[in-house]
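# Observations on the three-dimensional arrangement
Chain by chain, the residues:
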Amino acid sequence: MKERPAPPGQVVLVLQGGGALGAYQAGVYQALHEAGIEPDWIIGTSIGAINGALIAGNRPDERCRRLTAFWDGISRDPPPAATWMPDAGRSLAHLETITRGIAGFFEPNHRAILGVHALLGIEHAAYYRTAGLRDMLLELVDFTRLNSPQCRLALRAVSVDGGKMRYFDTRDGPLDIRHILASGALPPAFPAVMIDDKAYWDGGIYSNTPVEAVLDDKPRRQAAQPHQNGRRARACYAAGV
């Protein structure tokens, strides 16, 4: 078989937020992987940050398997009623998610039973806990690899106190589980995450599509030919931008 030519320029994979879109992103990465295209830089927010960490935090030959393990881990079969009463089945599934959460992702925070009047502190002021997500990511992500130079990873979050957007970038310093959780901490469902004495929420609050990081990056890395720029842009679009 003829070897595929390497893509020109820098391959950037931009992964935005949205749970259903997150499952789609896993399939997009698999298609890129099967075509012999691996990203040089991944930018993610919310569920895109989780997928990005699973990709950057594993060897290329392990990435699809780890993505599948994550999505299989938070999936569940529809209730029996869905087979003969689709509308009722969907309603029951939604009710079950609200009341019980999703195993391996989030579970109800019983300390928040008093609602907005409960004095919980910034790290617990949410309707759900994400301990299951934390444990799963610690199992599936190799943080030594994630922080290695093989693939740059940038995750976006928003500061709670000032509402300012911030990128946590492996080019600037090491990332850990807090940075992934912070980028996916969508209020009021999920609690803020403390990083260096500051609380952060989901980056999608500011903007759900973090493509400006590519455009604002310094120094800029341009492809040599116009058609090469187009090819790189199509790869970004396929990831949901």
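As shown above, the structure is provided for reference.
The text that follows walks through the structure, step by step, so that each part is easy to find. (Residues numbered from 1 in each chain as written. Predicted model: local features only at pLDDT ≥ 70, side-chain atom pairs only at ≥ 80, totals over all residues. Heavy atoms only, no water.)

Attention now goes to the overall build of the chain. Looking only at helices and strands, the chain has 10 helices and eight strands in total. The burial tally for the chain puts 44% of its 241 residues in the buried class. Of the contacts formed within the chain by residues at least 6 apart in sequence, a portion of 66% connects residues at least 24 apart. For the chain, the exposed area adds up to about 13200 Å²; of that, 57% sits on carbon and sulfur atoms. (Helix = DSSP H or I, 4+ residues; strand = E, 2+ residues; numbered from the N terminus. Buried < 20%, exposed > 50% of the residue type's maximum accessible area, 1.4 Å probe, protein only. Contact = heavy atoms within 4.5 Å. Areas by Shrake-Rupley, 256 points an atom, 1.4 Å probe, with all protein chains shown as cover.)

Next up on the list: the environment of Leu186. Counting through the fold element by element, Leu186 comes out in the loop between helix 8 (177-183) and strand 7 (193-195). For Leu186, a relative accessible area of 42% corresponds to the partly exposed category. Residues Leu186 and Ala126, 60 residues apart in the sequence, show an inter-C-alpha distance of 9.2 Å. Ignoring anything within four residues of it in the chain, the contact list for Leu186 reads Asp202 and Ile205.

Quick look at the side chain of Arg66 now. Position of Arg66 relative to the elements: it lies in helix 3 (residues 60-73). Overall, the relative accessible area of 18% leaves Arg66 in the buried class. When sequence neighbours within four positions are dropped, the list of residues in contact with Arg66 reads Leu54, Asn58, Glu139, Leu140 and Val141.

Attention shifts here to helix 3. For helix 3, which comprises 14 residues, the first-to-last C-alpha distance of 21 Å matches the rise-based estimate of 20 Å (1.5 Å per residue) to within 8%. Glu62, Arg63, Cys64, Arg66, Leu67, Phe70 and Trp71 are the residues of helix 3 that are buried. In this structure, the buried residues of helix 3 make contact with helix 1 (19-34), helix 2 (47-56) and helix 6 (131-140). (Expected span 1.5 Å × (residues − 1).)

Looking now at the packing of aromatic side chains. Aromatic rings considered in pairs are described by the distance between their centres and by the relative angle of their planes. This structure, assessed with the given rule, holds seven aromatic pairs. On the basis of an interplanar angle of 90° and a centroid distance of 5.3 Å, the ring pair of Phe70 and Trp71 is categorised as edge-to-face. Across this residue pair, the class does not change: Phe70 and Trp71 are buried. An angle of 50° between the planes, with centres 5.3 Å apart, marks the rings of Phe106 and Phe190 as tilted. Of this pair, Phe106 sits in the loop between helix 5 (86-100) and strand 3 (107-108) while Phe190 sits in the loop between helix 8 and strand 7; the two residues are 84 residues apart in sequence, bridging distant segments of the chain. Phe190 shares its class with Phe106; the two are buried. Grouping aromatic residues by their ring pairs yields a cluster made of Phe70, Trp71, Phe105, Phe106, Tyr128 and Phe190. A cation over an aromatic ring shows up here: Arg152 above the ring of Trp41, its NZ or CZ 3.8 Å from the ring centre. (Phe/Tyr/Trp six-rings, centres within 6.5 Å; stacked < 30°, edge-to-face > 60°. Lys NZ or Arg CZ within 6 Å of the ring centre and 35° of its normal.)

Helical periodicity: at 3.6 residues per turn, an α-helix aligns residues three or four positions apart in one direction. When you tally the buried positions in helix 2, you get 10 out of 10 residues, the bulk of the element. For helix 2, the complete set of buried residues consists of Ile47, Gly48, Ala49, Ile50, Asn51, Gly52, Ala53, Leu54, Ile55 and Ala56.

Pairs of packed helices are described in terms of their axes, by the angle between the two and the distance that separates them. Running from N to C, helix 2 and helix 3 cross one another at 140°; their axes reach a closest spacing of 8 Å. Of the possible angle classes, the one that applies to helix 2 and helix 3 is oblique. Along the contact surface, helix 2 presents Ile47, Ile50, Asn51, Leu54 and Ile55, while helix 3 presents Arg63, Arg66, Leu67, Phe70 and Trp71. A class-by-class count of the residues in the contact of helix 2 with helix 3 yields seven nonpolar, one polar and two charged. (Axes fitted to C-alpha atoms, helices over the stretch in contact; angles between N-to-C directions. Parallel < 35°, antiparallel > 145°, perpendicular 65-115°, else oblique. Nonpolar A, V, L, I, M, F, W, Y, C, P; charged D, E, K, R; others polar.)

Oppositely charged side chains can pair when the atoms bearing their charge come close. On inspection of all chains with the given rule, the structure shows 12 salt bridges. Salt-bridge contacts for Glu96 lead to Arg100; the nearest nitrogen and oxygen are separated by 3.3 Å. Here the residue Glu96 and the residue Arg100 both occupy positions in helix 5, the gap between them amounting to four residues, near one helical turn. Residue classification places Glu96 among the partly exposed residues on the basis of a relative accessible area of 25%. Classification of Arg100 by relative accessible area gives exposed; the value is 59%. Between Asp217 and Arg152 there is a salt bridge whose closest N-O contact spans 3.2 Å. Of the two residues, Asp217 sits in the loop between helix 9 (212-216) and helix 10 (226-238) while Arg152 sits in strand 5 (residues 152-159), which places them 65 residues apart along the sequence. Pair check on accessibility: Asp217 and Arg152 agree, each one buried. Each member of the salt-bridge network shares a partner with another, and the members are Arg59, Asp61, Glu62, Arg65 and Arg66. (Salt bridge = Lys/Arg side-chain N within 4 Å of Asp/Glu carboxyl O.)

By themselves, these figures tell us nothing about what the structure is for.
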